[in-house]
Amino acid sequence: MPIVADAAADVHRLKRITARFLAWVLPNTLLGRLSVVMVLGVIVTQLAGGLIWAAQLRTKSEGETRIAAQHLAHSASGAIRYFMSLPANYRPIMIQQLREMGGTRFFVNANSRAIPVQPIAANSLADIATATTAQTLKDDLPFLPEFRLAFVWPDELVVSGDGSKIADLPDRWVQHILLSQPNPAPVLVIQAQIEPDQWLYLAALMPNPYFLDSSNPLSVDRLVLQGLSLAVILLLSILVVRWTTRPLAALSDAAEAFGKGETVPALPETGSREFVKTARAFTAMRERIKRYLEDRERLFVSISHDLRTPITRLKLRSELLDDETLRNGFHDDLDELDMMVKGALQSVKDSDIHENRTEVKLDALIGRMIRDARMAGQIVAFEPSDVTVMAKPFALKRAIGNLFDNAMHYGEKVEISTRRHTMVDNDTVEICIRDHGPGVPEDALGGLYQPYLRLPHGREKNAGGMGLGLGIARNIIQAHGGELVLANHPEGGLQATILLPAR
């Protein structure tokens, strides 16, 4: 059982590491992720196709080289047999006649010993051609005591024992075996010992003189061509992905702006059929929500306003009651009802502040509140931080003001701090307001946002409050795309933390 548990833990750890690696490597945006996937897919496909194509081309080149080497070896075997059949004193005469006639496929020379030559650098196709030619010569001429083969570049090709090079010979002698301009081709040199102290020297080009070029399927020219085609495919892929995801980004921006209460233009109904349907559905949903909110607001304001008239009439009628205790009871209930109606109207008024976002300097906004509080004898600690945030100025002032007023009512001292957190995808502004009061029971923190909810110590400190400030503040902050967090400070008192996007 412990072994099984350890294996499961290792698998879970591996999955977690893999997930973290993918989260670190892959971009956060849909455009970035689709682009990465498509780019990797195209690159892998191109590499796999290139490797398969290179392997096939190499196999084809090796087969063609073997066939060409066999053909050349058979021709060389015939030439060697011919010169072996001639008397020794006739061979130089025949070689000279062949040269004067313009040469043949082979440059032929007779030497008393094998001529040292400088072979070309190691090459797989050259090795295959040399080995195939040697094997064919052995099969055709098994009686030859010795022969030597090598590929040599034309400018380094020595043809005789005195060190003469092929470039020193007349052009008509070597016109069939020499390709030096503009691209030199390697020459195959075959030296066969036909008699003691008699070596026949044969030099010839392969049927495909530039067969060595196919030894490297991934040459610079081919790589450049593959690179250009890959770049074009990747560019088109990225453009297609961007064209596909751009409407989704517009939809996301419109949804975010609508959630923050901003006015945005209608989404263009262009693009793919799926996006057009989504844009129409979003526009219809936005209009329904706007009508619902407007109708609810009008209904709420109308009811709250209309209730004030009967409340006033009831107060007047209660004055006609003779029983003072009953009259005072009516007055208290009506005052409480009137306070609730006023609170409801104030809540709608404070939460629905129509204004545009602008850059707000928190030092100036909070500084004005602190000056008024200090003039009233309150102790407030605050250090300027030169932090700015994009927000609705009056709405943000209302939210911070409600939290600041609560801190002054319920604490002996208030501390305010602002700072900016720089993150990978977004910057966040943090505003902390801490009082030095008794704090709030942990089980009551979750219900502080409920309307008209007031804790016992709150009623003692501020009898005129209605319990709507925290709810209004949270609504305003959420409309800005932020969050309000309430928690007891470790050293005592309640701390309200406002988290807002900097942009």
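Preceding this section is the structure that the text describes.
Residues numbered from 1 in each chain as written. Predicted model: local features only at pLDDT ≥ 70, side-chain atom pairs only at ≥ 80, totals over all residues. Heavy atoms only, no water.

K.L.:
What am I meant to see in the overall build of the protein chain here?
P.N.:
A count of helical and extended segments in the protein chain gives 12 helices and 11 strands. Split into buried and exposed, the 503 residues of the protein chain put 36% on the buried side. Considering only contacts in the protein chain between residues 6 or more positions apart, those separated by 24 or more positions represent 71%. Carbon and sulfur atoms form 59% of the exposed surface of the protein chain, whose accessible area is close to 30,200 Å². (Helix = DSSP H or I, 4+ residues; strand = E, 2+ residues; numbered from the N terminus. Buried < 20%, exposed > 50% of the residue type's maximum accessible area, 1.4 Å probe, protein only. Contact = heavy atoms within 4.5 Å. Areas by Shrake-Rupley, 256 points an atom, 1.4 Å probe, with all protein chains shown as cover.)

K.L.:
Just to check I follow, could you spell out helix α12 (residues 469–479) for this structure?
P.N.:
Side chains three or four residues apart in an α-helix point the same way, a direct result of the helix having 3.6 residues per turn. Within α12, the full set of buried residues consists of Leu470, Gly471, Ile472, Ala473, Ile476 and Ile477. Looking one or two residues past α12, glycine 481 carries a phi angle of roughly 80°, positive in sign.

K.L.:
Help me understand the nonpolar core, please; the structure alone is not making it clear to me.
P.N.:
Burial of nonpolar side chains together is a common tendency in soluble globular proteins. Core analysis: the largest hydrophobic core is formed by 42 residues, its most contacted members being Ile416 and Leu484. Top contributing element to this core by residue count: helix α10 (residues 393–410), with 8 residues. Counting 34 residues, the second-largest nonpolar core is a separate cluster that includes Leu86, Ile128, Leu149 and Leu188. (Core = buried A, V, L, I, M, F, W, Y, C linked by side-chain atoms within 4.5 Å.)

K.L.:
What should I look at first to understand the packing of aromatic side chains in this one?
P.N.:
Where two aromatic rings form a pair, the distance of their centres and the angle of their planes describe that pair. Going through the model one piece at a time under the given rule, you end up with 3 aromatic pairs. Residues tyrosine 82 and phenylalanine 83 carry aromatic rings whose centres are separated by 5.4 Å and whose planes lie at 80° to one another, so their mutual orientation is edge-to-face. (Phe/Tyr/Trp six-rings, centres within 6.5 Å; stacked < 30°, edge-to-face > 60°.)

K.L.:
What is the right way to read the sheet that holds strand β8 (residues 414–422) from this model?
P.N.:
Each strand in a sheet pairs with its neighbour through backbone hydrogen bonds, running either in the same direction (parallel) or in the opposite one (antiparallel). Taken in spatial order, the 5 strands of this open sheet run β6-β8-β9-β11-β10, and their pairing is mixed. On the outer flanks of this sheet lie β6 (380–382) and β10 (483–488), each paired with one strand and no other. The average angle at which neighbouring strand axes cross in this sheet is 20°, direction not considered. Pairing of strand β9 (residues 427–435) with strand β11 (residues 494–501) involves 7 bridges; the strand directions are antiparallel. From the neighbouring strand, glutamate 430 faces β11, where its bridge partner is leucine 499. Together, β6, β8, β9, β10 and β11 form the strand contacts of α10, whose direction differs from that of β9 by roughly 30°. The sheet strands contacting α12 are β10 and β11, and the helix crosses β10 at an angle near 135°. (Pairing = 2+ DSSP bridges. Axes fitted to C-alpha atoms, helices over the stretch in contact; angles between N-to-C directions.)

K.L.:
Explain unusual backbone geometry here, please?
P.N.:
In terms of backbone geometry, most residues other than glycine have negative phi values and most peptide bonds are trans. Its identity is not glycine, yet aspartate 197 carries a phi of approximately 60°, on the positive side. Assignment of secondary structure puts aspartate 197 in the loop between β3 (187–195) and β4 (198–204). A positive phi angle is found at aspartate 386, which is not glycine, with a value near 60°.

K.L.:
Just to check I follow, could you spell out the pattern of salt bridges for this structure?
P.N.:
Here the idea is simple: oppositely charged side chains can pair when their charged atoms come close. By the definition in use, this model includes 4 salt bridges. In this structure, glutamate 195 and arginine 91 form a salt bridge, with 3.0 Å as the shortest nitrogen-oxygen distance. Of this pair, glutamate 195 sits in strand β3 while arginine 91 sits in helix α3 (residues 91–100); the two residues are 104 residues apart in sequence, bridging distant segments of the chain. For glutamate 195, a relative accessible area of 30% translates into the label partly exposed. (Salt bridge = Lys/Arg side-chain N within 4 Å of Asp/Glu carboxyl O.)

K.L.:
I would appreciate a short explanation of the sheet that holds β3 in the present structure.
P.N.:
Judged by pairing direction, the sheet is antiparallel, and its 4 strands sit side by side in the order β1-β4-β3-β2 without closing on themselves. Strands at the two margins of the open sheet, each flanked by one partner only, are β1 (107–111) and β2 (147–152). If you compare each strand with its neighbour and ignore which way they point, the axes differ by 20° on average. Where β3 meets β4, 7 bridges bridge the pair, whose relative direction is antiparallel. Bridged to leucine 188 within β4 is alanine 204. Packed onto the sheet, α3 meets β1, β3 and β4 and runs at close to 155° relative to β1. Sitting on the sheet, helix α4 (residues 124–140) is in contact with β2 and β3, with an inclination near 155° to β2.

K.L.:
Just checking my understanding: could you explain the packing of helix α9 (residues 362–375) against α10 for this structure?
P.N.:
α10 packs onto α9 with a crossing angle of 40° between their chain directions and a minimal axis gap of 11 Å. If you check the angle between α9 and α10, you find them oblique. The handedness of the crossing between α9 and α10 is right-handed. Residues Leu362, Leu365, Met369, Ile370 and Ala373 of α9 form the contact with α10, whose own contacting residues are Pro393, Leu396, Lys397, Ile400, Gly401, Phe404 and Met408. Class assignment of the residues belonging to the contact of α9 with α10 gives a composition of 10 nonpolar, 1 polar and 1 charged. (Parallel < 35°, antiparallel > 145°, perpendicular 65-115°, else oblique. Left-handed = near helix turned anticlockwise from the far one by under 90°. Nonpolar A, V, L, I, M, F, W, Y, C, P; charged D, E, K, R; others polar.)

K.L.:
Help me understand the environment of histidine 489 in this model?
P.N.:
Looking at the element boundaries, histidine 489 is found in the loop between β10 and β11. Through-space distance from the C-alpha of histidine 489 to that of valine 440 is 10.0 Å; in sequence the pair is 49 residues apart. The contact partners of histidine 489, leaving out residues within four places of it in the chain, are Arg434 and Gln495. In this structure the side chain of histidine 489 is engaged in a polar contact, spanning 3.1 Å, whose partner is the backbone nitrogen of glutamate 491. (Polar contact = N/O pair within 3.5 Å; in protein donor to acceptor, adjacent residues only side chain to side chain.)

K.L.:
Got a minute to help me understand the environment of isoleucine 80 in this structure?
P.N.:
Among the secondary structure elements, isoleucine 80 is positioned in helix α2 (residues 30–85). If sequence neighbours within four positions are ignored, isoleucine 80 has contacts with Leu141, Leu144, Ala192, Ile194, Leu200 and Leu202.

K.L.:
What am I meant to see in the pairing of β2 here?
P.N.:
Extensive coverage of β2 is indicated by the burial of 5 of its 6 residues. Looking at chain direction, β2 and β3 are connected through 6 bridges and run antiparallel. Residue pairing across strands places arginine 148 opposite glutamine 191, the latter belonging to β3.

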